Structures are given as structure tokens and as C-alpha cells.
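Residue-level structural notes
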Amino acid sequence: MKRFRRHGQESQRDRLKQELFQFNKTVEHGFPHQPSALGYSPSLQLLAIGTRSGAIKLYGAPGVEFMGLHDENAAVTQVHFLPHQVELVTLLDDNSLHMWTLRAHKGLSELMEIGRFTLTGPPGAPPSVTRVTAVLAHSSGELLLLGTEGGHVFIVEVPGFRELEERNISLDQVASSVPDDYIGRRNLEHIEALQENPVNPNQVVIGYGRGLMVIWDLEKQCAIQHIPATQQLESVWWAEDGGYILSSHSDGSYCRWMVSVEEVNEEEEEKSDIPYGHFPCKAISKIIQLPTQEGPPFLLFSGGMPRASYGDRHCITVIHSKTHVALDFTSRIIDFFAIREGPQHIGDPSALVVLVEEELVVIDLQTEGWPVIQTPYLVPLHSSAITCSHHVSAIPLKLWERVIAAGDLQSTHYSKRPWPITGGQNLAPDPPQRDLLLTGHEDGTVRFWDASGVCLYPMYKLSTAGVFHTDADPNDNMNQGTEGEWPPFRKVGCFDPYSDDPRLGIQKIHLCKYSGYLTVAGTAGQILVLELNDEAAEQTVEAKVVDLLQGQEGFRWKGHTQLDVREEPVLFPPGFQPFSLVQCQPPAVVTALTLHSEWKLVAFGTSHGFGLYDYQQKNNVLIKCTLNPSDQLAMEGPLSRVKSIKKSLRQSFRRIRRSRVSLRKHHVNNAAKLQEANARLEAELAEMELAPVQRKIEARSSDDSFTGLVRTIYFADTFLSDSSHNTPSLWAGTNGGCVFAYMLRLPPVEHRADEPVTAQSAKEIQLMHRAPVVGIVVLDGHGAPLPEPLEVAHDLARSPDMQGSHHLLVISEEQFKVFTLPKVSAKMKLKLTAVDGSRVRRVGVAWFGSSRSEDYGESGLVVLTNQGDVHVVSLPTVKLQVHYPCVRREDVSGIASCVFTKHGQGFYLISPSEFERFSLSTRCVVEPRCLVEVPLLSGSSTQRRPKPDVASSAHRNARQDGEDAEVLQEIQKSLEGDQTETCSLKAGAVMVMEAMVCLPQVIPGE
Amino acid sequence: MNKNHRVPSNRSLSAVEVKSKFGAEFRRFSLDRSKPGRFDEFYGLLQHVHRIPNVELLVGYADVHGDLLPINNDDNYHKAISTASPLLRLFLQRKEEADYTFGTNSLTRKKNTVLSAVLLRPDATRKKTPVIISLPKDFRPVSSIIDVDILPETHRRVRLYKHGQEKPLGFYIRDGSSVRVTPQGLEKVPGIFISRMVPGGLAESTGLLAVNDEVLEVNGIEVAGKSLDQVTDMMIANSHNLIITVKPANQRNNVVRSGGGGGGGAASGSSGRSSDSGASYYGYSSHGGVGAAASMPSHIIQNFPVGEPESDEDDEDLVIEAGGEAEPIRRASSNYSMPSLPRYEPHLNLRAAASSTSALSINANGTLPTSGSSGSLSNANATSNTPSPDRAVDRRSLEEDGTVITL
């Protein structure tokens, strides 16, 4: 009977779990790592980026984004939208072509792969014959022209990838008609470029690597004209009126060739120019020219810089009338395109979109001075390397507006024009609350991001470098644009990975959203307390040095020195302005930081100890050294580690040298011997791999390294000494499994400014298992975590229950353990490591709302382990609820970068420049929900696509009226679509898709 | 620091200083290290210097690890003399007063070989004459073979007792592959193997684990499918009471379950039973290497939860209250407890020796810890000034005023 009831309870709990928890990776924020291809559809107004890891990402209006991943782990080398379609073709490194489409599904949209294709040549042909080097998506939307390394052009019908062998243009066909006097006719080399005549879709120009260009008539299947350029070809551009062709070459020149209307071989090189000439130049890799309604055209090309003096610059030159600018990027240019005005997208160029390796830069070509337009997405998070992050949920409107106002003052140099890429509709509901993500960077900046929705939008940037003297000259970046400089460089983009001083790096951030106080701590033991001020202010920041060693002897700090503080007043712009500075001595990395804005206290910890600072009185309250005298590593600082890396490097070099020597010994001019040596080397390598990785099994002891390192620090108003009086308290946990508790005595509010705050040691807990303490939480009488400071004062949280007894939850890397307070006795625990071998890496407290009933919710611990799994642990009973694999276990930096929100979401870095956002909550999910429609056809005569039929446009209207009512119909439609496969896809004029399956499964029955 | 060497430095190296304690009385004398003589002569000498000629005595000494070991034959007598540096501390008891005896009856002789095998006392087996040997409970358990009755004969479940000793666990593990018999035939599967033993470590000294043994389970959890790092973390998390099930590389010494046959199999089998029998043990923690002039801080009683298969010893986190009293956290139901401080002992003892002349419980009570029954710490905690809080105090002061003590 009892057993039966228990079973019933369990299944009830299981159901509740399903209502509370659900794991989704929802969206990627930031800039794709290692982009390798760019595509753009003027008709869809969508931008596509392919990456070296085989991902394809589509972006339209802010909030409209899609992502797909190729099964092959190969780089995307080219992306082409089929004109006026919702399909796009990608070419991968492995020579495979893939067809993607935006497809309707349950009222939203979805990017999915619908076909793949690899060219097959005649039997016995070398692979170069079918190695695709150039792709042209024909404007008919039905043909794909594939130029290959062997010099052939294959014609393929899309989207089904049917080869039209009879229409292929073989090299022989072309070569036979090449004029005899053309120098390079014996070897035309690969096909470098394919371009369609903008006014006659039957004509394409085929550009060969050797330089020759041939205008080919697809209908008549013959060459119309030969353009005998002799320089190595880089790119070809057919002018919009079809009257001439621009070609760019490897020597930094570009040429303009007239296209004869009559079919006479009267080719004429009208103009040839090496824009940055005289001395040898690098290749112009791409050239485009766009006409304007009135006045001269825009000429844009990438590269072409003088080899010797500026060969290392990454430049795009824009020439319009008398204006000539060489846009100078900080990373390699992948590709670029221009966006044109007008409903048909054939008007004046309005914006230049440049994809460089580390960012996307959009330049407003219609505003004087060609300013940069701030991107609403794809922002390079890593413009300086991210060193830490901090998430604050539910920001009060007041603070939000002040931060935005401060940020607006910083972005005055951006163009005022709206974002020019506007494809698709964002159907996601407005985010329920305002969330901030703060990222700390290596250069001492803290960036504030609007993390409420799908777009991670930059709000404000705080720099802490101004407080200190650094080697960098602040005017360093200003000395450009000097008169008469040639080429006329202009620096654009914000990616700047070079940190002036690594000691400035931000390691910990804590923001109080109610008071606007912010504290940040850095690599050289600096802790700054900042206050939000709407006015600029000039002030001196007083430094307070804190000696964490407390007379500990036998200490040699071999690490970096502390930062040198500016003693003169510094002018701080509106925004967060530092007013207090603590410098730890020795200047080790700050490893734990917290701020209590109600008590006006900041607590911090390093590998040597921790301290408590009163920022109202600018006074140290407490300093505690946690060093273990036998811990050499912590004593000496990071240098000794460097030494060991050096040593191991030296060893590995030695090993390589040794194997080379052994190779040389066997090297006699004899193939067999060489082979033997190779085999031996291989065997050696194999042996090296076989040499087993060993792990030492040893109990932790107090003299392991860095046992004194403070991992977590926490303020709580709780029962520390007796069960009837709650007092403010400070808690600190170390790497050696030790927890220190201090009772704080705060003077009454009216004397807060003059009476001292005191801290008195109250308790010290040494965990028997000695695992590092990574989190401390005090739970109130209801078992709920204590609210944040000022949260109750602002009526945003229920005041904690002070009647029932409080509990202390200590989270170590190995266990979750609940103790009673004030008499710290163990109540319950959950062992993690002892049971499954994983260890806690990141932990957060979150509130989970039920998806079924509005008013039910639970607090839980969110945990990320070193195996990359996320767990939810219930509070206060510390029981594992759910777990999901989240990060690859090898991705150590991804695991280390994870932050959790207070509502069951999280972020982690999937590359130096991208955050993956995930959600564990059923109620709080931020994911793209968007809709892309097939463009209405332009007046262009080339269209042979079926017009949207009545049914589907009615369907569209219906959705616009009342979407929910139509969901069933939608599902049915998509089901029908599935049955009839691709043909129905082609007919559908409205493509709706969904990036994520988001509806929770309804569990049938009770 | 200097206090540490004050006494022994002016003595000649050939002499062993002996401090013998009987009841509340001390006697000091010296012996020639090179010519220690025989045990019965030594026994007579002790009776003489303490003026107790007709009292039957049990002789124990504190070895370098701080353990109380018996002296009852020539071999362990010589061992005691040779390892004493600089001081040999002896504890004498009346045989009839002891709650246990160093037994000589025939029943224990059989176990003698077992124990000596387990404890690696090679000289104990060489004796031809009937050996006077201690009961198992006089020793601290180091390891045991458990669950012999439920495991396949090819497997061995070894329990390592890390508690209360300085000895490192001392082994390494690696990835490897092993061959399994499956319905599909032989299959190669990845496995975890012991790759190296640290000389002098606990794992090596037990003799129950060997290089290339395959690790199958850690504290009851199968390691199959887990990475090397995961298994490492599991073992370390369980290191206070590590139970590993291995498939020994050398299958010749397996426990033979039926018939209680001869050879090593029977021996290890019985040792498994005997040390897993739920008896409780004492360990005496004291330090031969520390200053001799001051009286030693008292003994530490260590009680081991030997009988419990799933020990929750790590529950006993040490909590130090502001007032300086330390108490190990324990569950109400558990009758044992264990102060967690061993790593600090050398410092602490030194400090105590240097700072406090008042003798602790040995002197005060005037008794050897013979009367203590198992689970007596809580008892002791309540009644007398027991060592663990004192140590805690010492440690706290050590940390707080930051005095550096280097040994």
C-alpha cells in the first residue's frame, strides 16, 4: 500500500518536473567563429554566412535569424541564394553542394537542407575536372552553373540537382575558338569567375585563371566574344547595363572591357588601371561597380595595396566621384557586397556590407563621411578577449534607461540610418523583462549587452583603464588620416585583440541593479567600486592597499606588479564612474567578489585570502589570510607555472629533434631506407601515443596547491550565533574545502558614515572531503534562497522567512551539503563526484515557473559539471531533478565561461566570439521565431516562377488576422507538404518556419 | 624550531634515549643502539627501573608514525630500538589491567601469518620459536578484502583505509583495453587499469593491488563507460574510504571460496574476514620525531567505522566556533567520530610542546588509554580537555597570527 502510494507520488513529481524543466539550446549570440563565406539575397533581404565548421547562418531584420549545420565537417566556401527564391546553395570544402530552403512549419519558419550533390566526372578523370571553383546561380532560378578547376562549366538544374549534360561547356569547346595570338591559350587554367549578363540572361562570362574571359551564349551554346586579358584573373563584374565588364587581376590592376553588341570579335580594352600602382601591388580579389541615379558610379574593390609598404593591410577601396577611401579593417576580408535602394534593389547603393574574419561591418554610403552603422546582431563580443561574464535579470526601467543614455553618448560616431538588412518578420513576443549581460574583457573594459531577446545588442561600454597609468598612449589611434596620405586609409571596425596591459583584464563583476553600484575586479588584484552618474565628473580615485598576507613569512611573489594608479583627477564620462579602489597585495587575480549595496560593503578574495571593504567609509573592515605555508605555488605567483610550461615545451622540442635526428641517420638516398625510417618514425609516434596517460590517485591534503584560494564569497543576513537573532554575515569558501563565516556589526543607519563596521570571526568549517567550495547559499525558513540585497526594499521579492530555521548550503566541487544554522550540523547532502565522477564547475540559483499553472514555481540550483552536463538540484532537499548534456566535455573554456540567469537560462562561449544561449525552464525561453516570405516577383522579365496562388495568399492573410486559430490548418498544410515533397515546396508562396520545437509535449492522461 | 633539536643534539648517536611510562610514572634511561641485547633482558630491565619486579607487563612503544606497537619479542624490540630517533617512548601496562592482551594462545597463532602478511612485517614470520603476537585489534586496519562471498572468484574487492595516517594512497591509473566474453564472442572494450604503485604507499603496502589490475568498480559504481578523469575524480572523492573492485592481473592468488584450501588464497580470504569483522580499533597518534623535553600532547583515539559498509565519515566536517571549541560534525546516530586534522599534526605538536607545559590527558588522568572503549571520543570530548579542540585552537592561532613554522 505504502509502496503504491509512493509510486503515485513519484509519478506526480515526474509530471511536475516536466512542467518545470525543459532543455533547449535556443540561440547563438555574437559573431560566428571563422566565417568563410558570405551570401546575400536582395529580394529576401537576408544575409547568409557560412563558417569553416560547416555552419550556415541567415540574418534579416533584428530578431530574424536561422541556423543550419552541414553534416559534413567541412568549411563552407561559397553561399549563393537562388535569385527570387527562398533556396540557397552552399559549396563546401569537400566539393559537395547543398541546397537549403526556408520552410513552413507550425506557423513559424525553419532552415533545412533539402538536397545535396557532388559533381561526378567521366570515369577515370582526375578529380580536378569536377572540383568546383566558381558557382553562378542563374537568374532564372532553375540553373546552377558550376565552373571547375579543370576549366569546364557544368550546368545543373536546381533545386533537384539534375545534371544537364548536353548543355555543359567543356574546356575544349572554348579552347578551340580562342584566338591564335592569345599567349595563354595552351593552358587556360581553372574557372575563376562566372557572371551573368544583367540584361541578357542567356549570356554568361566565363573567366579563366589565366586571364582569358569568354562571353558564352547559353542558348546557342557558342562563344560570342573573347576578352584576352593576360594577367592572372581574380574576379569579374558585369556592369549593370551590360555594356562592359570589369576584371580584376593578381597584379593589383583592374580593366574595363567593352562588350560588343554585335557579334564581332572587336574586343577593346578601354581602360586599365593599377589604383595603387608604381610599385608592385597585391591582387584585387573582388571588384564591383554600381551606378547611381545621377552622377558617377561607385567603384568598390578589395585588396590591391602596394605590396611592400601596405601588403599586410586588409582594405576595401570605395571610389565615388572625387571621394576615395581605403577602408582599413583589422582582420582579413572574407567577402563584401553592397545593398541597393529601391523596391527592386537596383537603385543607388545605400550600404556596403563587409564580412571580415572577426566582425561584420556595415558602412552607410549615403551619409556624408560614410559612417559605420551599428550592427544589431553579429557584434564581435571578442573585440577584446572575454575574460568573465555576469548576468543580471529583471533590470528596473530606471537603471535601464540610464545605461542606455550613457551608451548613446558613446555611439555618436555611428550612422543614424536604420539597419539596412530587413528581411523576414520577427514574430517573437516582446521579452518579459529587461536582462543585462555584462562581459569583462582583457583590455579592462566591461561591456553591457541587452540580453532580453534574441539579439544581443550592445548598450554601453565601460573602460577601467583610465584609472591607471598604462604604457599605451591614448592618442595612439588618433594619428591617422594625415593630409595627403596615400592610400587614404580609414580605420573601421572595432575588433582589437591587442591588450595594452594584461593586468587590466576584468575577472569578476557584480552589479546591484537597484542602487546602480557596480564593482569590478581584475587580474592585478584591483577592485573598483563604481557608481552610475549621468554627468561627466572629474575626480581622483583613491587607492587602498590591502595586504592579504598579514605577515605571513616565507613569501615570494614572482608574478606581475600591481597597477600604477593615476594620482591626478581623471575625467570620467557619464556612466559608471569609479570612486573607490582597493589593491590587493600581492597583486594576484581576484577570484571572488561580491557587493552588498544595502550594507555598502564589498568583499573580495584572491589566492592568498579575502577582505571586506566598506565603500562608504572607504575603509578596510577585515583582512584574512587563507594561505597555507606549504603552498609554494600560491606563494610564488603564476611565474613558476610558466617555467614548467617552458620546460615541457623544451622537452617536446627535444623529442621532435630527436626523432628528426633518427630520421636523418637512416636517410640514405634510397627509397627503401627512407620508407623504413618513416615506418620507424611512425612506430615511434604510435608508441608516444601509446605511452599511457596516467592519473594519480591521492587523497586531497591541506598542502595541495592553492588550497587557500578563495573561490566564493557571500553576504547573508542570517542566524550565525544564536537562533533568535539574525545578523549580517560574510561567508567565504576556499579551494581547500574550508568555509569561513564572520559576523558583521553594522552601525545604525544614522551613524553609518562615522562608526566603524566590524567583523568578528564566528565559524570555520573544514569539509572532510576538502574539495573546493564553489558556492554558498543561505536558505530561509521556507527553504528558499535569501533574496538579493535591496530586493525586498524595492518590493520585488518576498521578504525572507525569519521564523523558521535557516540552512546553509555549501556547494563543493564534489557535493551539495546542507547544514543547520546557527549550529552548523550536517543535515543532508548530495554526493556528485563519488557517484558519477563529474565535478561541479559552475553553479547558480534559479527560479523555475511551471508551464501549466501561472502561480506555481520552485527554486533550484543549476549546475554545470566538468562533463558538460547541466543538472537541476532541488532546494532545500538537494535532490537531482533533471540533467541534460549541454557542452562537450572537451570544451573546457566553454564550460568555464558559463553563466546562469535567475530564471533558468544560461550562456556559454562556443567560440571566442559566440555565446550559446540555453534554457532549462519551460516558461522562460528566448528563441528566434520568425517568418520569411517569398518575395513578390519583380518586374524583371527573367522570371518564370509560378505566381503565388490564391490559396496561399489567402492563407497568408488568414494568418495575419488571427494566427492561433490557423495553427491546425498550418499543421495540416505542412503535413500535406511533407507528403508531396519538393514540388509542393516550390509552389508554396509563403514559407513559414520555426527554429525550435517549442511546445512542451502534453502528457496524455492522468 | 630550535627547541625541536634541543635535547637530542648533545647526546651521542649510539645511545638511544628511552622514556618509559608506567601508570603516571616516568623512567628515563638509555640503551646502546648497536648492542640492544635480547628482549627478555630488556623486559627485566624495565621491571627493574620501574621497580615492579613481579608485575606482568605489556610493553608498547610509539613508532615513527605515531602508532602504538607492541614489543614482545627480539625482532620487534630490535626494530623499536633501531627506528627510535631520538627518543624511544615506551608505554607499560599491567597485563591483568589491560582490556586486551598481547595474546600468546594457539588460536591467534594461525592469524599471525595472516596479519603479518597483511601488515608486511617480514621479520615476524622468520621466527622459529612460538611467537608472541598481538591480537588483530592491536593493529590499525590498512586494507581488507571484502565481499568475497558475493563476487566472482576472478574479482577482488579491496578496501583501503586512508584515515588517520600519513601514508599516501599511492597508485596511478591509466586507460587500456580488456577482453570480455560476450554472446557475440570475444570483444575488446576500453577499461581502466592500475598503472603504477607509489613505493611505500598504502596501495603498495597492502599487497592487494598490483600494476595492470583492471579496475571494475569504485565504491560500488561500475567504471565502464567512464573516462579516466571521471574515474580519477570518483576515486579521490571516495579516498577516505576507497573500495575498489579489481580483476587482478595475476589470477593465481585469488581467494578460493570453497574448502578453505591452503596457500595464499586462504590467507587473504581470512584476512578479509578478520579485518572486516566489525571490531573497533585504536590508533595512537604521537610523534617520535618531536621534541623530547616537553611532555607530549596526549593521545588521539581514532575509532574506525570498520563495520559499516557505507561509511559517511566525510560528514564529520570540522566546525570551529568562534570561542575556539572545535567539534566534528556528526550524525546523531553515529557512535564514532574522527577529528580531521592530521596534516597539521607536526606543527601542532611542536607548538603544543613549546607552549604548554601542562601535560594533557595522559598526565592528568594518569592512565594509559586502556579504559577507553570504542567510540569514546564523544565521551572524552564531554568530560575532559581532549586533544582535538586543543589542536584546533592551536591551529587557529597558527593560522591567525600567521607564525610560520617550517619543519
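Residues numbered from 1 in each chain as written. Chains lettered and ligands numbered in written order. Predicted model: local features only at pLDDT ≥ 70, side-chain atom pairs only at ≥ 80, totals over all residues. Heavy atoms only, no water.

1. Concerning the overall build of chain B
Applied cut-off: Secondary structure counts use DSSP, requiring at least four H or I residues in a row for a helix and at least two E residues in a row for a strand, with both numbered from the N terminus. Each residue's exposure class comes from its accessible area (1.4 Å probe, protein chains only) as a fraction of the maximum for that residue type: buried when under 20%, exposed when over 50%, partly exposed otherwise. It only takes one pair of heavy atoms within 4.5 Å for two residues to be counted as in contact. The Shrake-Rupley method, run with a 1.4 Å probe, gives the accessible areas here. Residue values count only the displayed protein chains as cover.
Regarding its fold elements, chain B presents 12 helices and 14 strands. When the 407 residues of chain B are sorted by exposure, 53% land in the buried category. Taking the contacts inside chain B whose residues are at least 6 apart along the sequence as the reference set, 63% of them involve residues at least 24 apart. Carbon and sulfur atoms form 52% of the exposed surface of chain B, whose accessible area is close to 18,500 Å².

2. Some points on the domain arrangement of chain A
This is how the line gets drawn: Bear in mind that the domain bounds are from an automatic or database domain assignment.
Domain assignment breaks chain A into domain 1 (30-118), domain 2 (120-262), domain 3 (292-378), domain 4 (426-474 + 488-625), domain 5 (715-830) and domain 6 (836-932). Computed from C-alpha coordinates alone, the two centres of domain 2 of chain A and domain 5 of chain A are separated by 74 Å.

3. Overview of the domain arrangement of chain B
Once the domains are mapped, chain B shows domain 1 (15-94) and domain 2 (143-253). Once you take the C-alpha centre of each, domain 1 of chain B and domain 2 of chain B turn out to be 40 Å apart.

4. Details of the UniProt feature "domain: PB1" (unreviewed entry) in chain B
Put simply, the rule reads: UniProt positions are given in the numbering used here, feature names are shortened, and annotations may be inferred rather than shown by experiment.
The UniProt record annotates "domain: PB1" (unreviewed entry) at residues 15-95 of chain B. In residues 15-95 of chain B, helix accounts for 26% and strand for 41%; the two terminal C-alpha atoms are 29 Å from one another.

5. Quick look at the confidence of the model for chain B
All names here are of chain B. Heads up, the condition is: The predictor attaches a confidence to each residue, and that confidence, scored 0 to 100, is pLDDT.
Looking at chain B, the pLDDT average stands at 63 and 49% of residues meet or exceed 70. The element-level mean pLDDT for chain B is lowest in helix H8 (residues 263-275), coming to 35, with strand E10 (residues 214-218) highest at 93. This model gives residues 1-12 a pLDDT under 50, and the stretch forms 13 contacts once residues within four places in sequence are excluded. Note on residues 330-407: pLDDT under 50 across the span, and 142 contacts to partners over four residues away in sequence or across chains. Predicted complex, confidence summary: ipTM 0.76, pTM 0.74.

6. Examining the side chain of Glu359 of chain A
Residues and elements named next belong to chain A. What counts, and what does not: The positive count covers Lys and Arg only, the negative count covers Asp and Glu only, and His and the chain ends enter neither. When a carboxyl oxygen of Asp or Glu lies within 4 Å of a side-chain nitrogen of Lys or Arg, that pair is called a salt bridge. Under this definition, polar contacts are N or O atom pairs within 3.5 Å; protein pairs additionally need one hydrogen-donor-capable and one acceptor-capable atom, and for neighbouring residues in sequence, both atoms have to be side-chain atoms.
Relative to the elements of secondary structure, Glu359 occurs in strand E28 (residues 359-364). With no salt bridge to any partner, buried Glu359 finds its closest opposite charge in Arg447, at an N-O distance of 9.0 Å. In terms of polar contacts, Glu359 uses its side chain to reach the backbone amide nitrogen of Cys494, at 3.0 Å. Here the side chain of Glu359 touches Phe495 through a polar contact of 3.1 Å, landing on its backbone nitrogen. Not counting chain neighbours up to four residues away, the residues in contact with Glu359 comprise Phe31, Thr330, Val354, Pro380, Gly493, Cys494 and Phe495.

7. Remarks on the pattern of salt bridges
Taken as a whole, this structure holds 38 salt bridges over all chains when the rule is applied. The partner of Asp229 of chain B in a salt bridge is Arg695 of chain A, and the shortest N-O contact between them spans 2.4 Å. With Asp229 of chain B in helix H7 (residues 228-237) and Arg695 of chain A in strand E49 (residues 694-697), the pair connects residues from two separate chains. By relative accessible area, Arg695 of chain A is classed as partly exposed at 28%. We note a salt bridge from Arg888 of chain A to Glu890 of chain A, for which the minimum N-O separation is 3.6 Å. The pair formed by Arg888 of chain A and Glu890 of chain A is uniform in burial state, with each residue classed as exposed. One salt-bridge network, held together by shared partners, links Arg711, Glu813, Arg839 and Arg841 of chain A together with Asp233 of chain B.

8. Remarks on the sheet that holds strand E34 (residues 457-463) of chain A
Through backbone hydrogen bonds, the strands of a sheet pair up, either in parallel or in antiparallel fashion. Residues and elements named next belong to chain A. This is how the line gets drawn: For two strands to be treated as a pair, DSSP must find at least two bridges joining them. Inter-axis angles, ranging from 0 to 180 degrees, are taken between N-to-C directions of lines fitted to C-alpha atoms, where helices are fitted over the stretch in contact.
Pairing in this open sheet of four strands is antiparallel, and the strands run E30-E32-E33-E34 from one edge to the other. In this open sheet, the two edge strands, each paired with only one partner strand, are strand E30 (386-392) and E34. Strand after strand, the sheet turns through a mean of 20° between neighbouring axes, direction not considered. Sheet topology note: the strand E32 (residues 436-441)/strand E33 (residues 445-450) ladder contains five bridges and is antiparallel. By the bridge assignment for E33, Gly440 is matched with Val446. Most of the contacts of helix H4 (residues 397-410) go to E34, to which it runs at about 75°, and overall it touches E32, E33 and E34.

9. A look at the nonpolar core
Nonpolar side chains tend toward joint burial in soluble globular proteins. Residue and element names in this part refer to chain A. Selection rule: Working definition of a nonpolar core: buried Ala, Val, Leu, Ile, Met, Phe, Trp, Tyr and Cys residues. They are joined through side-chain atoms within 4.5 Å.
Residues Trp731, Leu808, Leu809 and Phe816 are the most contacted members of the largest nonpolar core, which totals 35 residues. Mapped onto this core, the elements with two or more residues apiece are strand E50 (710-718), strand E52 (738-745), strand E53 (758-766), strand E54 (773-779), strand E55 (807-812), strand E56 (815-820) and strand E59 (857-865). The element contributing the most residues to this core is E54, with six residues. Taken domain by domain, the makeup of this core includes at least three residues from each of domain 5 (715-830) and domain 6 (836-932). Look past the residues within four positions of Leu808 in its chain and what remains in contact with it is Trp731, Ile765, Ile776, Val777, Val778, Lys817, Val818, Phe819 and Leu821.

10. Some thoughts on helix H2 (residues 39-49) of chain B
Along an α-helix, residues three or four apart share an orientation, since each turn contains 3.6 residues. All names here are of chain B. Turning to H2, its buried residues number three or more, namely Phe39, Phe42, Tyr43, Leu46, Gln47 and Val49. As for H2, its buried residues are in contact with strand E1 (15-22), strand E2 (25-32), strand E3 (57-62), helix H3 (74-83) and strand E5 (87-94). After H2 finishes, the residue Arg51 shows a positive phi value of roughly 55°.

11. A closer look at the packing of aromatic side chains
Which entries qualify depends on this criterion: Pairing of aromatic rings covers Phe, Tyr and Trp, the last through its six-membered ring, and needs centres within 6.5 Å; plane angles under 30 degrees mean stacked, over 60 mean edge-to-face, and all others mean tilted.
Taken as a whole, this structure holds 25 aromatic pairs over all chains when the rule is applied. Between the aromatic rings of Phe23 of chain A and Phe918 of chain A, the centroid separation amounts to 5.8 Å while the plane-to-plane angle is 45°, which identifies the pairing as tilted. Highlighted residues: Phe23 of chain A in strand E1 (residues 21-30) and Phe918 of chain A in strand E64 (residues 914-921), separated in sequence by 895 residues. Classification of Phe23 of chain A as buried rests on a relative accessible area of 18%. Among the residues examined, Phe918 of chain A registers a relative accessible area of 0% and is labelled buried. Measuring from centroid to centroid gives 4.3 Å for Phe42 of chain B and Tyr77 of chain B, while their planes differ by 25°, and the two rings are stacked. Residue Phe42 of chain B is found in helix H2, and its partner Tyr77 of chain B is found in helix H3; the two are separated by 35 residues along the sequence. For the residue pair Phe42 of chain B and Tyr77 of chain B, the accessibility class agrees, reading buried in each case. Taken together, the ring pairs connect Phe23, Tyr884, Phe900, Tyr908 and Phe918 of chain A into an aromatic cluster.

12. Details of the UniProt feature "repeat: WD" (unreviewed entry) in chain A
As annotated in UniProt, the feature "repeat: WD" (unreviewed entry) corresponds to residues 432-450 of chain A in the numbering used here. Secondary structure within residues 432-450 of chain A divides into 0% helix and 63% strand; the distance between the first and last C-alpha atoms comes to 13 Å.

13. Considerations on the pairing of strand E60 (residues 869-874) of chain A
Walk down a regular strand and you will see the side chains alternate between the two sheet faces. All names here are of chain A. Among the six residues that make up E60, five are buried, leaving the element largely enclosed by the rest of the structure. The pairing of E59 with E60 spans five bridges and is classified as antiparallel. Note on E60: the bridge partner recorded for Gly860 is Ser874. Taking the residues that link successive antiparallel strands as the turn, the E59-E60 hairpin has three residues, and the phi of Gly868 there is positive, at about 85°. Here E60 hands over to strand E61 (residues 880-885) after five residues, with Val878 in that stretch at a positive phi of 35°.

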